[in-house]
Amino acid sequence: MPDIHRPRLHSNAGGAITCEHSSLQNFSEPEMATPWSTVQFSTVSEKFVLPEHQRPTVKHDEYRDLDIPVIDLAPYFEGQRAALQTIIAQVKDSCSNWKFFHVVNHGVDEARLSRIEHQPQQFFKLDSYNEYTSKMQELSELFFHIIITGLGVDSTHFERITKNAGGLFRWNYYPPCPEPHKTIGLKPHTDFNLLTILHTSNVGGLQIWLEGKWSGIRPRCQSSLKLQHETIKCSWVQITVTIHGGLLTNARCEGPLHRAVVNATVPRISHSRTSTCHVPTTVIVAHPALVNENNPSKYIPFTFDAYMKAKQMQLFNTLELFTRKDS
Ligand SMILES: O=C(O)CCC(=O)C(=O)O
Ligand SMILES: [Fe+2]
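What counts as what
- Residues numbered from 1 in each chain as written.
- Chains lettered and ligands numbered in written order.
- Predicted model: local features only at pLDDT ≥ 70, side-chain atom pairs only at ≥ 80, totals over all residues.
- Heavy atoms only, no water.
- UniProt positions renumbered as here; feature names shortened; annotations may be inferred.
- Phe/Tyr/Trp six-rings, centres within 6.5 Å; stacked < 30°, edge-to-face > 60°.
- Near = heavy atom within 4 Å.
- Polar contact = N/O pair within 3.5 Å; in protein donor to acceptor, adjacent residues only side chain to side chain.
- Helix = DSSP H or I, 4+ residues; strand = E, 2+ residues; numbered from the N terminus.
- Nonpolar A, V, L, I, M, F, W, Y, C, P; charged D, E, K, R; others polar.
- Expected span 1.5 Å × (residues − 1).
- Buried < 20%, exposed > 50% of the residue type's maximum accessible area, 1.4 Å probe, protein only.
- Contact = heavy atoms within 4.5 Å.
- Pairing = 2+ DSSP bridges.
- Axes fitted to C-alpha atoms, helices over the stretch in contact; angles between N-to-C directions.
- Salt bridge = Lys/Arg side-chain N within 4 Å of Asp/Glu carboxyl O.

- The name recorded for the protein in an unreviewed UniProt entry is Fe2OG dioxygenase domain-containing protein, from Physcomitrium patens.
- What UniProt states about the protein under its Sequence similarities (unreviewed entry) heading is, verbatim, "Belongs to the iron/ascorbate-dependent oxidoreductase family."

This is how it looks when you write it as structure tokens:
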């Protein structure tokens with residue numbers, strides 16, 4: 001298996017991160033002030049304000065004095081006899097009593113750990129990053145407008161959601177893979193949320209399920225666009241409407257099933273920006289004008305909160321789905 005780094009992160013305030021696979025870089029948009037952010041805010045954006053009962057009551061620097069187990073790997077690396085047996089017993093105990101533990105003298109060098117921590121911070125400081133995210137927001141809003149206008153329906157129904165849309169920015173890194181035919185970079189999926197803007201490096205890999213088969217989409221970075229008498233070089237982005245879009249439009253605009261394949265020679269990077277409805281209580285329901293006898297309502301309305309809970313059920317409490325109810 002190639003070591004695909006696939007960050008999946010929910011950029012709610014501050015960027016709580018959930019990783020589906022090992023993640024190399026997780027970047028959320030700078031909606032909140034952080035010590036190393038160039039953007040400082042005095043209030044939290046409305047779209048991140050949680051209902052009172054959902055707000056955390058334990059502060060970030062409020063710690064409990066717990067006797068969390070610390071596993072020391074030094075004796076093992078030093079080749080001490082019986083070290084492994086001791087560690088096995090400690091880990092066994094920690095797993096059943098705590099479900100987690102700290103590890104010291106783990107052999108991962110400090111400089112490397114520090115780089116992993118600091119390099120992303122440099123990225124967030126870049127002006128280009130802030131400019132990029134606001135451009136992406138503008139582009140998303142423009143496309144919301146275009147899509148809604150195309151449906152020929154009144155836009156107020158969508159505005160409650162699109163106006164509050166936040167962003168989820170994700171980088172996918174696909175290293176070259178010695179046996180690309182035996183594996184896949186990103187399994188078939190549809191994106192959730194409203195709209196995805198995807199930009200890929202000039203290396204193929206994205207495939208979309210079209211007319212009953214997987215179709216490779218040619219990367220078109222630096223394509224030329226004729227605009228009045230001028231030819232301008234433009235970088236290409238792809239826009240897909242995703243699951244909430246499908247629900248809002250009663251399946252008139254739904255995101256495509258897609259996947260990413262890997263290759264043996266060149267690394268590939270893609271970054272996607274999905275628009276997210278962050279108001280947990282907003283009910284996502286099809287526009288009434290798009291539901292009629294010929295197009296009966298396809299989906300049960302849900303709130304963003306319910307949707308996230310269902311998603312988390314699968315991501316974090318997956319085993320609950322397989323737990324015997326009679327046990
Ligand atoms: O890498 C790609 O081309 C696809 C990425 C993707 O589907 C995603 O990030 O959801
Ligand atoms: Fe995707």
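**Quick word on the packing of aromatic side chains**
Step number 1: Across all of its chains, the model carries 4 aromatic pairs by this definition.
Step number 2: Pairing Y76 with F77 gives two aromatic rings, centres 5.5 Å apart and planes at 55°, and the pair type is tilted.

**Here we look at the site of ligand 1**
Step number 1: Taken together, 14 residues sit near ligand 1, with R170, N172, Y174, R268 and S270 positioned nearest.
Step number 2: Contact distances for ligand 1 include 2.9 Å between an oxygen atom and a side-chain N or O atom of H258.
Step number 3: Broken down by secondary-structure element, the contributors of at least two residues to the shell around ligand 1 are β3 (165-174), β4 (186-189), β5 (195-200) and β12 (268-277).
Step number 4: Grouping the constituent residues of the shell around ligand 1 by class yields 4 nonpolar, 6 polar and 4 charged.

**What about helix α4 (residues 127-151)?**
Step number 1: Between its terminal C-alpha atoms α4 stretches 36 Å, which fits the 36 Å expected from 25 residues at 1.5 Å a residue.
Step number 2: Three or more residues of α4 are buried, namely Y129, N130, Y132, T133, M136, Q137, S140, F144, I148 and L151.
Step number 3: Those residues of α4 that are buried lie in contact with α3 (110-125), α5 (156-162), β3, β5 and β12.
Step number 4: Just downstream of α4, G152 is the residue with a positive phi angle, here 70°.

**A closer look at the sheet that holds β4**
Step number 1: Within the open sheet, the 4 strands sit side by side as β4-β11-β6-β7. Their pairing is antiparallel. Two strands lie at the open edges of the sheet, namely β4 and β7 (213-216), each paired on one side alone. When the angles between neighbouring strand axes are averaged without regard to direction, this sheet yields 25°.
Step number 2: Two strands pair when backbone bridges link them, and β4 and strand β11 (residues 258-260) are joined in this way by 2 bridges, in the antiparallel orientation. Of the residues in β11, the one forming a bridge with H189 is H258.

**Overview of the pattern of salt bridges**
Step number 1: Within the structure shown, the criterion is met by 3 salt bridges.
Step number 2: Close ionic contact of E179 with K182 constitutes a salt bridge, the shortest N to O distance being 2.9 Å.
Step number 3: Under the relative-accessibility criterion, K182 is labelled exposed at 59%.

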